[in-house]
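Observations on the three-dimensional arrangement
Okay, here's what each chain looks like letter by letter:
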Amino acid sequence: MSLNRREFLQALAIASAGGMSLQSNFASAQTTAQKFYDLPKFGNVHFLHFTDCHAQLLPIYFREPNVNLGIGAQEGKTPHLVGEYFLKANGIAAGTRDAHAFTYLDYVAAAQNYGKMGGFAHMATLIKQMKANRPGALLLDGGDTWQGSATALWTNGQDMVDAALLLGVDVMTPHWEMTLGEKRVMEIVNGDFKGKVSFIAQNIKTADFGDSVFNPYVMKVQNGIQVAIIGQAFPYTPIANPRYFTPDWTFGIQEENLQKTIQEVRAKGAKVVVLLSHNGMDVDLKMASRVSGLDAIMGGHTHDGVPTPVKVKNSGGVTLVTNAGSNSKFLGVLDFDVRGGKPVDFRYKLFPIFSNMIPADPAMNKLITKMRAPYESKLNEKLATTDSLLYRRGNFNGSFDQLILDGLMAQKDAEIAFSPGFRWGTSLLPGQPITRENLLDQTAITYPYTTVTNMTGETIKTILEDVADNLFNPDPYYQQGGDMVRVGGMQYTIDPSALAGQRISDMRLNGKNIDPSKTYKVAGWAPVSEEARNLGGEPIWDVMERHLRDVKVVKAIKLNEPIIKGIKNNPGMVSL
């Protein structure tokens, strides 16, 4: 790895911000940057892993949550730890670059000091460095790759497909990819990826005869050792996203089929078996306790950066469970030492990708520039400026979510607004312009329709109860992804540990109790029903462009968050 002088100066600033003494010569600062990414080879089987990049090709800011509640048996356990609780559990010192990468602590100041993170050109350089001393290492893509940006939307995912091919992805499993529709997914899998990327999922079947749509696994030989990677697509895709995108396919957890698949690859000689999963961390932890024969689960979906693998005991031994964050911020490196036909030891490192400390790969940079060129003027058009930190992440709300809620209520003249609990979406620091690209980082989906609906108070409560159960059901297998729906205009109380149907109470609008029989005007977006699609509501980005041009400057945003019961001293929540 080598730095040019501009990159050297950036690395020098980062080193200084991290408490290191300033180095006056180029070589010393370059050594400092290299040391952070030095990982000696270990063992003889190697996996590199990224997930949930959400089409972010360029370096970004992305604030980690201060609310990631674990309820019941999950309370106080990985991944439900935030801030200082997270640092303590993972042995990370406060005020370091790792502390910034993995937590929300002192976010604005730290982001200004350490700079942006991620970017495919920088990740490409790190991948090449890791592969240089790890012969046969496989690059695994955990999904949510083809969705999340303006260019991914406008090119129907082609920009991300081309970038993944250049990055050298070997194996992939999906989730948001499915929102491009069955036809487009198969076009990529049978065209661009054919003979290059193994697109795998043991839990996607045809709706008519129950046949596998994709290969359930792929087997490779690494340094003379047979390894198997099994795919686990997001189980609740037709529920979390519109069913009409995948009408001919079924999903689900398919635990029994997974166990059979593990036995099949073991019978074929696999000495190392890894599940490339998009279940979400809690589902992976439960699955690891119930199936045997997996050496590791390399997971995604919940965007948790997990630097220390969780060792889960099961009837066959121990399975390592990891999760590699989101937005191209991290690269996981899992090394196994295989002897006598089985892994006897391992090493794992989840690298934060500090863009200013890793030189950009020239070929990837060239590709990204070429792909963005036709759209640059549209992407860079300024809509407004923000005076406050804008982010999306957390169980109940984020400041960019609140901005969308305020825009919906203002532009649609609604009393109440709902916005989906999406986890993707980049962050903006105070003083930054809000461009069209920034807006589409929050809204770029293939079902962007806005809705205005007259709902009874009873219906509103039912919706909140349903979403709360998806998030806080004590059985992870019934947690269907996403965070709590964001609510504008209305206040409510939630008890996450209560029984289903009894979590939501004290719903109020302008201080008055919501009447179950009264009708309220509610604005929303991203409906999953085919009926809503056919109505063809105005795309959310058009609504928000008008709103941002109206407000011009986004001032400090007050989050509309519920009153939360039963979470005193819960290490998954810190009030700010």
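The structure displayed is predicted, hence computed values, not measured ones.

With respect to topology, 6 strands assemble into an open sheet ordered E4-E3-E2-E1-E13-E14, the strand pairing being mixed. Both edges of this open sheet fall to strand E4 (198-199) and strand E14 (342-352), since each of them pairs with a single strand only. As paired elements, strand E3 (residues 171-172) and E4 share 2 bridges and run parallel to each other. The partner of Val 171 across the bridge, within E4, is Ser 198.

In this structure, the largest pocket spans a volume of roughly 990 Å³. If you go around the largest pocket, you meet 42 residues; those closest to its centre are Ala 240, Pro 420, Val 467, Ala 526 and Val 528. Elements with a minimum of two residues in the lining of the largest pocket: helix H10 (237-240), strand E16 (416-419), strand E18 (450-456), helix H17 (457-472), strand E23 (519-525) and helix H18 (530-535). Per element, the largest residue contribution to the lining of the largest pocket is 5 residues, and it comes from H17. Each residue belonging to the lining of the largest pocket can be placed in one class, and the counts come to 21 nonpolar, 15 polar and 6 charged.

On to the packing of aromatic side chains, then. All chains considered together, the criterion is met by 22 aromatic pairs. With centroids separated by 4.9 Å and ring planes inclined at 25°, the aromatic side chains of Phe 102 and Phe 330 adopt a geometry described as stacked. Here Phe 102 is found in helix H4 (residues 97-102), whereas its partner Phe 330 is found in strand E13 (residues 330-339), with 228 residues between them in sequence. When the ring of Trp 176 is compared with that of Trp 424, the centres are 5.7 Å apart and the planes differ by 85°; the resulting orientation is edge-to-face. Of this pair, Trp 176 sits in the loop between E3 and helix H9 (182-192) while Trp 424 sits in the loop between E16 and strand E17 (433-435); the two residues are 248 residues apart in sequence, bridging distant segments of the chain.

Here we come to the packing of helix H16 (residues 436-443) against helix H19 (residues 540-551). Relative orientation of the contacting elements H16 and H19 amounts to 135°, with a least axis distance of 10 Å. On the basis of the axis angle, H16 is oblique to H19. Note on packing geometry: the crossing formed by H16 with H19 is right-handed. Every residue of H19 that contacts H16 at Arg 436, Leu 439, Leu 440 and Thr 443 is listed here: Ile 540, Trp 541, Met 544, Glu 545, Leu 548 and Arg 549.

Moving on, we get to helix H5 (residues 107-114). Every buried residue of H5 is listed here: Tyr 107, Ala 110, Ala 111 and Tyr 114. Taken down its axis, H5 places every buried residue within 100° of arc, on the same side.

As a further point, take empty space enclosed by the protein. What the rule picks out here adds up to 4 cavities of 30 Å³ or more. Quantified by volume, the largest cavity comes out at close to 290 Å³. Lining the largest cavity are 28 residues, and of these His 80, Asp 282, Thr 302, Arg 423 and Gln 479 lie nearest its centre. When contributions to the lining of the largest cavity are tallied by element, the ones reaching two or more residues are helix H12 (281-290) and H17. Partitioning the lining of the largest cavity into residue classes produces 8 nonpolar, 15 polar and 5 charged.

This paragraph deals with the pattern of salt bridges. Enumeration over the complete set of coordinates arrives at 30 salt bridges. The closest approach of N and O atoms between Arg 184 and Glu 187, which form a salt bridge, is 2.4 Å. Note that Arg 184 and Glu 187 are positioned in helix H9 at a spacing of 3 residues, about one turn of the helix. The exposure class assigned to Glu 187 is partly exposed, which follows from its relative accessible area of 46%. Here Arg 503 makes a salt bridge to Asp 469, at a shortest N to O gap of 3.0 Å. Here Arg 503, found in the loop between strand E20 (490-494) and strand E21 (504-509), pairs with Asp 469, found in helix H17; they are 34 residues apart in sequence, far enough to count as distant. Within this structure, Asp 304, Arg 393, Arg 423 and Asp 483 form a network of salt bridges that share partners.

The buried fraction of H16 amounts to 8 of the 8 residues, a majority that puts the element mostly inside the structure. Residues Arg 436, Glu 437, Asn 438, Leu 439, Leu 440, Asp 441, Gln 442 and Thr 443 constitute the buried set of H16.

Checked against the element boundaries, Trp 154 lands in helix H7 (residues 150-154). Sequence-wise, Trp 154 and Glu 465 are 311 residues apart; in three dimensions their C-alpha atoms are separated by 35 Å. In this view, Trp 154 contacts Tyr 375, Lys 378, Leu 379 and Leu 440; residues no more than four positions away in its chain are not counted.

Another aspect to go through is the sheet that holds E20. In space, the 4 strands of this open sheet follow the order E22-E21-E20-E25, with mixed pairing throughout. Two strands close off the open sheet at either side, each with one partner strand: strand E22 (512-513) and strand E25 (563-564). Here E21 runs beside E22; their pairing, made up of 2 bridges, is antiparallel. Residue pairing for E22: Arg 508 is matched across the bridge by Asn 513.

Below, the discussion takes up the side chain of Ser 326. Its place among the elements puts Ser 326 in the loop between strand E12 (317-323) and E13. Within the structure, Ser 326 has its side chain in polar contact with the side chain of Asn 327 (distance 2.9 Å). Once residues lying within four places of it in the same chain are set aside, the contact partners of Ser 326 are Thr 51, Asp 52, Phe 62 and His 303.

We now examine the packing of helix H8 (residues 158-167) against helix H13 (residues 362-372). Close contact between H8 and H13 brings their axes to 10 Å; oriented N to C, the two are set at 170°. As the angle between them shows, H8 and H13 are arranged roughly antiparallel. Here Asp 159, Asp 162, Ala 163, Leu 166 and Leu 167 of H8 lie close against H13, whose contacting residues are Ala 363, Met 364, Leu 367 and Met 371. Across the contact of H8 with H13, the residue classes tally to 7 nonpolar, no polar and 2 charged.

Basis of the calculations
Residues numbered from 1 in each chain as written. Predicted model: local features only at pLDDT ≥ 70, side-chain atom pairs only at ≥ 80, totals over all residues. Heavy atoms only, no water. Pairing = 2+ DSSP bridges. Helix = DSSP H or I, 4+ residues; strand = E, 2+ residues; numbered from the N terminus. 1 Å grid on protein atoms, 1.4 Å probe; cavity = no way out; pocket = protein on both sides within 12 Å on 5 of 7 lines; lining within 4 Å. Points joined across faces, edges and corners; volume = space filled by probe spheres on them. Nonpolar A, V, L, I, M, F, W, Y, C, P; charged D, E, K, R; others polar. Phe/Tyr/Trp six-rings, centres within 6.5 Å; stacked < 30°, edge-to-face > 60°. Axes fitted to C-alpha atoms, helices over the stretch in contact; angles between N-to-C directions. Parallel < 35°, antiparallel > 145°, perpendicular 65-115°, else oblique. Left-handed = near helix turned anticlockwise from the far one by under 90°. Contact = heavy atoms within 4.5 Å. Buried < 20%, exposed > 50% of the residue type's maximum accessible area, 1.4 Å probe, protein only. Arc of directions from axis to C-beta. Salt bridge = Lys/Arg side-chain N within 4 Å of Asp/Glu carboxyl O. Polar contact = N/O pair within 3.5 Å; in protein donor to acceptor, adjacent residues only side chain to side chain.

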